[in-house]
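The residues making up each chain are set out below.
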Amino acid sequence: DLNQAIAVGLDNAVIHGLGDGSNEPQGIVGANDVPVITVADNSGGEPTTAELHDFLESLDNNNALTDNASWITGAVIASNLKQTLLTSAVSGYQWDMANNTILGYKAYSTSQIEAERTVFGDLNQYLLGIWDGVEVVFDPYSGAKNRLVTFVVNVMCDGDVRQPKAFAISDSGA
C-alpha cells in the first residue's frame, strides 16, 4: 500500500532524517541541542525507572514538559518496559499496557527507531512541511522486458526540530 509506505518513510525521516542537504528532513535524533540521556546497557537497552525520570527532568528543566509529550521506542525496549515493575514497592509496570503510557505520557513503539533508542518529547515542537502533495509516477517502460511496471512516489517535504529542548533522546545504550 503506497499510503503505508509514505507514512513509514515520513516516520523514519522525523526520527532519523539527516537534514543538511541530504534530501531528508532533519530528524529528532541527531538534531543540534537535543539533550541526550545516558542509559546504562542493561540487556535490552531499556531505561531504568530512574532513567525514565531523567527524561522528564530534562524537559521540565527546560520549561518544555507538557501534556503533549510522548515516548517513542522500539519493540524490544517496549516489550521489556511492559515486563519491568516501576519499583518493588509499586504494583505497576513501567509501560502501562491498559493506557499505553509510560509515567503517564503516551507511549508508542515502532520499527523506525534503533533497537536501543528512546525518544521523549512534544512532537508539536517538530515542524514538518509538505507541499506539492504526493506525486506518483507510473513507469511501464524501464522494466518492460521483464513485464514489470514501476511506481515512483515522491513527497516534497522538509522538517526540523523547532524547540530542541522539548525533546530528550537516549544514547544508544552502549
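An account of the accompanying structure is given in this report. Just so it is clear, the model here is predicted, and its values are computed rather than measured. (Residues numbered from 1 in each chain as written. Predicted model: local features only at pLDDT ≥ 70, side-chain atom pairs only at ≥ 80, totals over all residues. Heavy atoms only, no water.)

## Some points on the overall build of the protein
- Along the protein, the regular secondary structure elements total three helices and nine strands.
- In the protein, the order of α-helices and β-strands from amino to carboxyl end is α-β-α-β-α-β-β-β-β-β-β-β.
- Projected onto the principal axes, the alpha-carbon positions of the protein cover approximately 65 × 30 × 30 Å.
- The buried share of the protein, taken over its 174 residues, is 39%.
- Restricting to contacts in the protein with at least 6 residues of sequence separation, those with at least 24 account for 68%.
- Of the roughly 9900 Å² of accessible surface on the protein, 49% is carried by carbon and sulfur atoms.
- Computed over 7 positive and 22 negative side-chain charges, the inter-centroid distance for the protein is 10 Å. (Helix = DSSP H or I, 4+ residues; strand = E, 2+ residues; numbered from the N terminus. Buried < 20%, exposed > 50% of the residue type's maximum accessible area, 1.4 Å probe, protein only. Contact = heavy atoms within 4.5 Å. Areas by Shrake-Rupley, 256 points an atom, 1.4 Å probe, with all protein chains shown as cover. Lys, Arg positive; Asp, Glu negative; His and termini not counted. Charge placed at Lys NZ, Arg CZ, Asp CG, Glu CD.)

## Structural notes on the packing of aromatic side chains
- All chains considered together, the criterion is met by four aromatic pairs.
- Three or more aromatic residues link up through ring pairs in this structure, and these residues are Phe55, Trp71, Tyr105 and Phe120.
- Sitting over the face of the ring of Trp95, Lys82 holds its NZ or CZ atom 4.8 Å from the ring centroid. (Phe/Tyr/Trp six-rings, centres within 6.5 Å; stacked < 30°, edge-to-face > 60°. Lys NZ or Arg CZ within 6 Å of the ring centre and 35° of its normal.)

## Regarding the pattern of salt bridges
- Using the criterion set out here, one finds one salt bridge in the structure.
- The partner of Arg117 in a salt bridge is Glu114, and the shortest N-O contact between them spans 3.1 Å.
- Accessibility expressed as a relative area gives 11% for Arg117, which makes it buried. (Salt bridge = Lys/Arg side-chain N within 4 Å of Asp/Glu carboxyl O.)

## What to know about the sheet that holds strand β4 (residues 101–102)
- A sheet is described by the order of its strands in space; here seven strands give the open sequence β1-β9-β6-β2-β5-β4-β3, paired in mixed fashion. The strands lining the two open edges of the sheet, one partner per strand, are β1 (36–37) and β3 (95–96).
- Relative to strand β5 (residues 105–109), β4 runs antiparallel, the two being bridged by two bridges. Bridge assignment links Ile102 to a residue of β5, and that residue is Tyr105.
- Strand contacts of helix α2 (residues 49–61): β1, β2 (69–73), β4, β5, β6 (118–122) and β9 (167–170), with the helix running at about 150 degrees to β9, the strand carrying the most contacts. (Pairing = 2+ DSSP bridges. Axes fitted to C-alpha atoms, helices over the stretch in contact; angles between N-to-C directions.)

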